[in-house]
Amino acid sequence: MRRAVTVAASVLDQAASSLTNIAVLVIAARASTADGFAAFSMVYIVFTVLLGLGAAYVGQSVVLEKGEEHEVGAAARSAVTFTAAAATAAALPLLAAGAVVGGATGSALLALGAVLPVVLVQDGLRYAFSALRQPHRALAADTLRLACAVPALLLQPHGSSPARLVLVWGLSAVPAALLGLALLRPFVRNRPGDPRRFLRKDHLGRRFVVEFAVGNGSSQLAVLGLGLLASPLAVGALRGASTLFGPLNTLFTSVNAFGPPLLGRADSRRATVRAAVGLAAVLALVALGWAAALYALPERMGRGLLGDTWQSAAALLPATGSQYAVMAAGTCALVTLRVLSPRATLSVQVVFSLLSVALMLGGYVLGGAIGAAWGLAAGSALKALAAWTRVARTRPEPVLEQQDGQRSAAPLS
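Only a predicted model underlies this, so the values are computations on that prediction, with no experimental measurement involved. (Residues numbered from 1 in each chain as written. Predicted model: local features only at pLDDT ≥ 70, side-chain atom pairs only at ≥ 80, totals over all residues. Heavy atoms only, no water.)

**What to know about the overall build of the protein chain**
- When its secondary structure is counted, the protein chain shows 15 helices and two strands.
- Evaluated residue by residue, the protein chain yields a buried proportion of 49% over its 413 residues.
- Across the protein chain, the fraction of contacts at a sequence separation of at least 24, relative to all contacts at a separation of at least 6, is 80%. (Helix = DSSP H or I, 4+ residues; strand = E, 2+ residues; numbered from the N terminus. Buried < 20%, exposed > 50% of the residue type's maximum accessible area, 1.4 Å probe, protein only. Contact = heavy atoms within 4.5 Å.)

Here it is in structure tokens:
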């Protein structure tokens, strides 16, 4: 019963965090001109990349912490302290870039640099609470974050500058960050941390960062490159289309979080693969159904969601819907590999994520934003195919006997 409550709180927390990101983009699109939202989208992509790097380097490693409560508490304190220091360091080049770039995008980069430590620490607290098995505390903080961000952005007048929207969005995280720190305090009080642990050569976060960089960061940076080298409006269209599929991102993130332990309980390799295939089929059907519903949405309602960006984003829905359908299959395949052979995911991510970027850029050259969207869909399809092929050829890694008598998969190197 307690495990079910913990899982439910974790899923709801992820939903609250994802809903905040969706709401921010939707409201920003409605409050901006098409050009303004394009600039906002480019800066938000920068934030998304930094957020993903932090989650990979710090978050995914701290949730693997085991031991007594005081040991995990010390690790959580170390994670939050390191996140604050790293976010402050990352803000400096953003401020410098904003001053050099100038214009609406430069001002928005300056705003992001000013609020970056607050938003990254607030998000990083989720992983600390997860390690401490206190997801309900993370849920409380992220719910407050949602409750503050949405009204603050809704109060902004139409045509607000990207910098103003970034500042309002960032400062709205302050109450949630303070609440999260207060809720964390009983678990880290009198438990000195060691932030330097995240700089050691054997830190697992290094591996997770590589996977993120090639699996997610490369495509985000490629989209950002389109705005810098080609058309910022293409960035707004791609970001607007992907925003509409935000609920599916929540589902995929939940699969990544809870899929490995659930699939790992299967009686055999065949049972594990069969369960993963069934899950992939269900998620793919959900993605296609969601795409069909969005495609049938009247233009009036679409403009109510994305404002001036709706027309360009709507043209990408068939491609983006197809991409999310095959992403469902790929996500389940990669989770299955995590269970059967954790070392096998890195090569798939590296090769086929870079291929996706190449296909996206090639698609843009051939067909503009629509071509770029179909390029992303093709890349996701090839990654899913490669991942399932690897699953078919993989046998479970040997288990190691631990001192307490429990069995575990061979550790990641």
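**What to know about the environment of valine 80**
- Structurally, valine 80 is set in helix H3 (residues 69–101).
- Setting aside chain neighbours within four positions, we find valine 80 in contact with Val121, Leu125, Ala128, Leu181 and Leu184.

**Re the environment of arginine 200**
- Tracing the chain through its elements places arginine 200 in the loop between helix H7 (174–188) and helix H8 (205–229).
- Residue arginine 200 is classed as partly exposed on the basis of its relative accessible area, which comes to 45%.
- Those residues in contact with arginine 200 that sit more than four places away from it in its chain are Asp194 and Arg206.

**Here's the deal with a nonpolar patch on the surface**
- Taken together, Leu167, Leu171, Val174, Leu178 and Leu181 make up a surface patch of nonpolar side chains, about 410 Å² in accessible area.
- Elements with a minimum of two residues in the nonpolar patch: helix H6 (162–171) and H7.
- With respect to the element layout, leucine 167 can be found in helix H6. (Patch = residues over 30% accessible without salt bridge, like charges linked within 9 Å, V, L, I, M, F, W, Y side chains within 5 Å. Areas by Shrake-Rupley, 256 points an atom, 1.4 Å probe, with all protein chains shown as cover. Salt bridge = Lys/Arg side-chain N within 4 Å of Asp/Glu carboxyl O.)

**What to know about the pattern of salt bridges**
- One pass over the structure, following the stated rule, counts five salt bridges.
- Salt-bridge contacts for aspartate 123 lead to arginine 126; the nearest nitrogen and oxygen are separated by 3.2 Å. Taken as a pair, aspartate 123 and arginine 126 lie in helix H4 (residues 103–131) at a separation of three residues, close to a single helical turn.
- When its relative accessible area of 10% is taken as the criterion, aspartate 123 is described as buried.
- As a salt-bridge pair, aspartate 142 and arginine 126 come within 3.8 Å of each other at their nearest N and O atoms. Within this pair, whereas aspartate 142 is found in helix H5 (residues 135–154), its partner arginine 126 is found in helix H4, the two being separated by 16 residues in sequence. Judged on exposure class, the residue aspartate 142 and its partner arginine 126 are both buried.
- Beyond isolated ion pairs, a larger network of salt bridges with shared partners links Asp123, Arg126 and Asp142.

**Points about H6**
- In terms of burial, H6 is largely enclosed, as seven of its 10 residues are buried.
- Turning to H6, its buried residues are Pro162, Ala163, Leu165, Val166, Val168, Trp169 and Gly170.

**With respect to the packing of helix H11 (residues 269–295) against helix H14 (residues 317–340)**
- Running from N to C, H11 and H14 cross one another at 165°; their axes reach a closest spacing of 8 Å. Comparing their axes, H14 and H11 come out roughly antiparallel. Crossing of H11 over H14 shows right-handed handedness.
- A per-class count over the contact of H11 with H14 returns 20 nonpolar, three polar and one charged. (Axes fitted to C-alpha atoms, helices over the stretch in contact; angles between N-to-C directions. Parallel < 35°, antiparallel > 145°, perpendicular 65-115°, else oblique. Left-handed = near helix turned anticlockwise from the far one by under 90°. Nonpolar A, V, L, I, M, F, W, Y, C, P; charged D, E, K, R; others polar.)

**A closer look at the packing of helix H2 (residues 34–62) against H4**
- The geometry of H2 relative to H4 is characterised by a closest axis approach of 9 Å and an angle of 30° between their N-to-C directions. In terms of their interaxial angle, H2 and H4 are classed as roughly parallel. Crossing geometry of H2 relative to H4 is assigned as right-handed. Contact residues: H2 offers Ala39, Val43, Val46, Phe47, Leu50, Leu51, Ala55, Gly59 and Val62, while H4 offers Thr105, Ala108, Leu109, Leu112, Leu116, Val119, Leu120, Asp123, Tyr127 and Ala131.
- For the contact of H2 with H4, the per-class residue count stands at 16 nonpolar, two polar and one charged.

**Looking at the nonpolar core**
- Grouped together as the largest cluster of nonpolar side chains are 67 residues, with contacts concentrated most on Phe40, Phe47, Leu112, Leu116, Val166, Trp169 and Phe245.
- Ranked by residue count, the leading element in this core is helix H1 (residues 2–31), at nine residues.
- Residues in contact with phenylalanine 47, not counting those within four places in the same chain, are Leu112, Leu116, Val119, Leu120 and Trp169.
- One finds Tyr57, Ala79, Ala131 and Phe198 within the second-largest nonpolar core, a separate group that totals 22 residues. (Core = buried A, V, L, I, M, F, W, Y, C linked by side-chain atoms within 4.5 Å.)

**Some thoughts on unusual backbone geometry**
- The phi torsion at arginine 133 lies on the positive side, around 60°, for a residue other than glycine.
- Note on placement: arginine 133 falls in the loop between H4 and H5.

**Overview of the environment of glutamine 134**
- By the secondary structure assignment, glutamine 134 is in the loop between H4 and H5.
- In the structure, glutamine 134 is positioned 124 residues away from serine 10 in sequence and 8.9 Å away in space, judged by C-alpha atoms.
- If near-sequence neighbours (up to four positions away) are discounted, glutamine 134 is found in contact with Phe129 and Phe187.

**So, the packing of aromatic side chains**
- A complete count under the given rule lists nine aromatic pairs for this structure.
- In textbook terms, an aromatic cluster arises when at least three aromatic residues are bridged by ring pairs, as seen for Phe37, Phe40, Tyr44, Phe47 and Trp169.
- The ring of phenylalanine 198 has arginine 197 lying over it, and the distance from NZ or CZ to the ring centre is 6.0 Å. (Phe/Tyr/Trp six-rings, centres within 6.5 Å; stacked < 30°, edge-to-face > 60°. Lys NZ or Arg CZ within 6 Å of the ring centre and 35° of its normal.)

**Let's talk about the confidence of the model for the protein chain**
- Considering every residue of the protein chain, the mean pLDDT works out to 82; 85% of them sit at 70 or more.
- Summarising per-element confidence for the protein chain, the mean pLDDT is lowest in strand E2 (residues 407–409) (37) and highest in H7 (94).
- Note that residues 398–413 has pLDDT below 50 and, in this model, 23 contacts with residues that lie over four places away or in other chains. (pLDDT = per-residue confidence, 0-100.)

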